[in-house]
4 protein chains.
Amino acid sequence: MCDAEALVKSDNSDHPANMIPALCAKFWTLGWVTGTGGGCSIRDDDHVFIAPSGVQKELMKPEDIYVLSLSRTLSSSSRVYLRSPASYKPSQCTPLFLAAFTKRQAGCCIHTHSHWAVLVTLILEGRGESVFEINNIEQIKGFGKGFEKTGNLGYHDTLRIPVIENTAHEEDLTEFLEEAMDKYPDTYAVLVRRHGVYVWGDNVHKAKTQCESLDYLFQLAVEMKQLNIPWISDIPKVKTRREREAEAAQQ
Amino acid sequence: MCDAEALVKSDNSDHPANMIPALCAKFWTLGWVTGTGGGCSIRDDDHVFIAPSGVQKELMKPEDIYVLSLSRTLSSSSRVYLRSPASYKPSQCTPLFLAAFTKRQAGCCIHTHSHWAVLVTLILEGRGESVFEINNIEQIKGFGKGFEKTGNLGYHDTLRIPVIENTAHEEDLTEFLEEAMDKYPDTYAVLVRRHGVYVWGDNVHKAKTQCESLDYLFQLAVEMKQLNIPWISDIPKVKTRREREAEAAQQ
Amino acid sequence: MCDAEALVKSDNSDHPANMIPALCAKFWTLGWVTGTGGGCSIRDDDHVFIAPSGVQKELMKPEDIYVLSLSRTLSSSSRVYLRSPASYKPSQCTPLFLAAFTKRQAGCCIHTHSHWAVLVTLILEGRGESVFEINNIEQIKGFGKGFEKTGNLGYHDTLRIPVIENTAHEEDLTEFLEEAMDKYPDTYAVLVRRHGVYVWGDNVHKAKTQCESLDYLFQLAVEMKQLNIPWISDIPKVKTRREREAEAAQQ
Amino acid sequence: MCDAEALVKSDNSDHPANMIPALCAKFWTLGWVTGTGGGCSIRDDDHVFIAPSGVQKELMKPEDIYVLSLSRTLSSSSRVYLRSPASYKPSQCTPLFLAAFTKRQAGCCIHTHSHWAVLVTLILEGRGESVFEINNIEQIKGFGKGFEKTGNLGYHDTLRIPVIENTAHEEDLTEFLEEAMDKYPDTYAVLVRRHGVYVWGDNVHKAKTQCESLDYLFQLAVEMKQLNIPWISDIPKVKTRREREAEAAQQ
């Protein structure tokens, strides 16, 4: 086995080349990567593992995975692949995944075509808006506070996910994704109008659970819209007995 | 194997340390524990088995489980863990599970973030109401009549599930959950506004089937709302032939 | 192994005692038998195999199954069980299943709590109606023409499923189910208001595929209602080229 | 093993006789082939493999598959089967699958009863329309540009899927399907009013991923309708930085 092939061969189910097919198979059942749409990339130090373009996501195998050197790609004018599958093309999502890895030191980035995400961007389009905002929902706690910050968002915090307009060619999204990252430095996701969402995290666990929480919130938001319930509310903070007693003692 | 580890090692699939991962994996497919949300705890006599915080629920393993002594925890000022996993934190749901075990002698308590539960609390919020009420639906028979009572609710009975407001910190919910238990002594569940639901039962079977029945009713209730069908109805009791004949004979 | 136990022990996956657990596990994933609701019975000549009451349907095992003699039950004043599980109670659905076996010579009867079925009965209740009618949908072809008739319904035929009112006790439904069978002799299903549906067929294959087709139609009907599309339509029959040419030749 | 049986026996999971059952089982979980509805056919050079009529799609086995010679069927007045299963009838979809193979050189054709497809035809019926049109949705890129053309549709392109009226007998659809293929030579799918959809592709991969993408779009279209969002929009093309700079330089 030559060195390049060793990059995608491992008995460890946590190895990125095994993880990406397992994750994509799970995402397929969730409707996130229907019809070869969407994708997933994992960064292991300098190695970036990427699902190829046009593959049926629930049937992917470790040998289908590209491996790219992040540092050598950044210091050269084109992508440096350490390992390429025989019969595929690189994913058009590649520069978008790289943006999450280089600008946010992410360890994993997931791209879904979830129709909840698409519907949220369509609802916002009807309002002329380019940021999804929701607060006072417990699942918001599933998100970190932001880049290089510790801890998670709280129940009363407003989760904000910027929306960028879709481009004819997926690679052209990169500059707009980077702009959105600059404008919303603490976001872990960017919605793409009429297309889907990019979600990242420090590692696979965080990217995947943030992606799940976000899809949960998008679905809830669409259902709230159908029931005429606003996404942003002004809910008074509940006071515990101790807080009420402390207040009473002060007066 | 030291004593502590023996608490979560068993070949018996019904052992709580095997049961919790199996249940949580099933709940994940139902959308109840998305993105590390929700949880599950089983009490076996004095031993309380609890899923840890922040774990991907469909990937949990027996060795991830905490075991706590109920009696020693109750008689001391802090929780007494008989066994703790190496790399997790205790669930914030712990005091809420303990409330079900101590105040209701429950054998199992399940916490879901089911979006049907959340939507029901949002619909009720719009009406300024804090109790979910539904009657004349067959699935209501899936609930016991209440604490220390025998038998189940009937088709014409009204199922009432109180709603408590969500707190910024999950542990702070405990006093309000306990208050709701006191106010509705026969309930097997408490809804948490914009958050989810806690459901318990005398054993795993009852907690799980009541949780399923309740999620079924929440989903039905949301769909009824979308079709403008009220949750509470006044349906005349159907008389059987024998009852009609008996009435005729009396007149 | 005593004779009674032999009735539920077989290596053949098509044996009713193996079939019922396999079917019920599948039905659970479809949301038909949530929270111990619903059930399934298979008749093999004189032997009637029935899932017990109150069991988690996706966890059922062959040894949980009751076996009843149909002829001996009919000729006596009470049910004659040839084999009973140790720790369960007979299903309250038993007399309803028996009605399908005796009045319609069915080989299998399925009872679901599918919320699509319940919603259809609720929509009809709002209109003061007691029969579900739909026509001009391809899936209608999935139904047989009726008892002792050969062939299936056509695309333009109207499928009619009667609705009976729910009773406080499930067994009391029997007389109303039988009445509905008498009034609609060709139906393979009876809806129960606010409860679910009973579907039968000559054998497991027919009962199961008719139950699937019906659930498909109930779901479609609810979605049509939400889009203001009527269930009954007057669609002109499409003429094939040959028919058009034949007509032209005649004129 | 006689020659005919060898046609459906292979250890290769990519063999059409193994592929069709695997695909159909997957389609069953997607709700595409409920209650024996729908079907699938694969062409391997001159051999056409077809699922039989009336089979439970998730239970199909390689030995249930028909094999037909395409050339000998075309040059004779009736279908020439090289291999027939013992206990089934040929699918009524057969002439429709053959149309895709002969008129479009397709390698695989899938027929679903997906209720999203049916709902789209019902919404269009209400508008008196016979073609489904959608643009400016990323998933549109999942479709090839058309017969004997290379490349895929773009984001801003309009996907057009013709709708034909359903006939009482499925085989009678053939002439209308062929008419639609002639009128829309680049379509890879034809919707059938109140029935479902036929989707094909050069090979299994393309037929299946186009079918998934189409079902995704049908579902999205129904949800857009419920939210009053039109299917056709006039979205300005986003200009990249380079395009904006080039324009500025020209002025």
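Anything mentioned here points back to the structure above.
What you see is a predicted model, and the numbers here were worked out from it, not measured in a lab.

Digging into the nonpolar core
Here is step 1: Membership of the largest hydrophobic core comes to 222 residues, with the highest contact counts inside it found for Phe 132 of chain A, Phe 132 of chain B, Phe 132 of chain C together with Phe 132 of chain D.
Here is step 2: Beyond its immediate sequence surroundings of up to four residues, Phe 132 of chain A is in contact with Val 120, Leu 124, Leu 159, Arg 160, Ile 161, Val 163, Leu 191, Leu 217, Phe 218, Ala 221 and Trp 231 of chain A.

Details of the relation of the copies chain A and chain B
Here is step 1: When chain A is brought onto chain B, the operation consists of a screw motion whose angular component is 90 degrees and whose axial shift is 0.0 Å, with 0.0 Å RMSD remaining. The operation mapping one copy onto its partner corresponds to a four-fold rotation axis. In terms of C-alpha distance to the rotation axis, chain A has Gln 226 of chain A as its closest residue, with the C-alpha 5.8 Å off the axis.

With respect to the interface of chain A and chain D
Here is step 1: Taken together, the contacts link 33 residues of chain A with 31 residues of chain D.
Here is step 2: Of the roughly 2,700 Å² buried between chain A and chain D, counting both surfaces, carbon and sulfur atoms make up 58%.
Here is step 3: Where chain A touches chain D, the interface holds 4 salt bridges.
Here is step 4: Note that Glu 175 of chain A and Arg 244 of chain D form a salt bridge whose closest N and O atoms lie 3.9 Å from each other.
Here is step 5: Seen at the junction of chain A and chain D, the total is 19 residue pairs in polar contact (both at pLDDT 80 or more).
Here is step 6: Listing elements by their share of the side of chain A that touches chain D, those giving two or more residues are α5 (115-126), α6 (173-183) and α7 (204-226) of chain A.
Here is step 7: If you tally residues by element for the side of chain A that touches chain D, the top one is α5 of chain A, at 7 residues.

Some points on the interface of chain A and chain B
Size of an interface, as often reported, equals the accessible area lost when the parts are brought together.
Here is step 1: Each partner contributes residues to the interface: chain A has 31 residues there, and chain B has 33 residues.
Here is step 2: Of the roughly 2,700 Å² buried between chain A and chain B on both sides combined, carbon and sulfur atoms contribute 57%.
Here is step 3: Contact with chain B buries surface across chain A, with Glu 138, Tyr 216 and Leu 227 of chain A losing the most and accounting together for 21% of the total.
Here is step 4: Inspection of the chain A/chain B interface yields 4 salt bridges.
Here is step 5: Lys 208 of chain A is the salt-bridge partner of Glu 58 of chain B, the closest N and O atoms lying 2.4 Å from each other.
Here is step 6: Our enumeration of links across chain A and chain B arrives at 19 residue pairs in polar contact (both at pLDDT 80 or more).
Here is step 7: For the side of chain A that touches chain B, the secondary-structure elements that each account for two or more residues are α7 and α8 (241-250) of chain A.

Quick word on the pairing of strand β7 (residues 158-164) of chain A
Residue and element names in this part refer to chain A.
Here is step 1: Counting buried residues along β7, 5 of its 7 residues qualify, which places the element largely inside the surrounding structure.
Here is step 2: Examined bridge by bridge, strand β6 (residues 131-135) and β7 share 5 bridges and lie antiparallel to one another. By the bridge assignment, Glu 133 is partnered in β7 with Arg 160.

Reading the values: rules and limits
- All residue numbers refer to positions counted from 1 along the written sequence of the respective chain.
- As a convention, the first chain written is A and the first ligand written is 1, with the rest following in written order.
- Reporting in this predicted model follows two pLDDT cut-offs: at least 70 for local features of residues, and 80 or more for side-chain atom pairs to be given and counted; totals over whole chains, interfaces and linings ignore these cut-offs and use all residues.
- Excluding hydrogens and water, the side-chain figures rest on all heavy atoms present in the structure.
- Side-chain atoms within 4.5 Å are what join buried Ala, Val, Leu, Ile, Met, Phe, Trp, Tyr and Cys residues into a set we call a nonpolar core.
- Any residue under 20% of the maximum accessible area for its type is buried, any over 50% is exposed, and the rest in between are partly exposed; the area is computed with a 1.4 Å probe on protein chains only.
- Contacts were defined at the residue level, with two residues in contact if any of their heavy atoms lie within 4.5 Å.
- The copies are overlaid by a least-squares fit using only the C-alpha atoms of residues whose pLDDT is at least 70 in both copies.
- Two parts placed together each lose some accessible area; with a 1.4 Å probe, that loss summed over both constitutes the buried area.
- For this analysis, a salt bridge means a side-chain nitrogen from Lys or Arg found within 4 Å of a carboxyl oxygen belonging to Asp or Glu.
- For the purposes of these results, a polar contact is taken to be a pair of N or O atoms within 3.5 Å, where, inside protein, one atom must be able to donate a hydrogen and its partner to accept one; residues adjacent in sequence count only when each atom of the pair is a side-chain atom.
- Counting from the N terminus, the helices are DSSP H or I runs at least four residues long and the strands are E runs at least two residues long.
- The pairing criterion for strands is at least two bridges between them, as found by DSSP.

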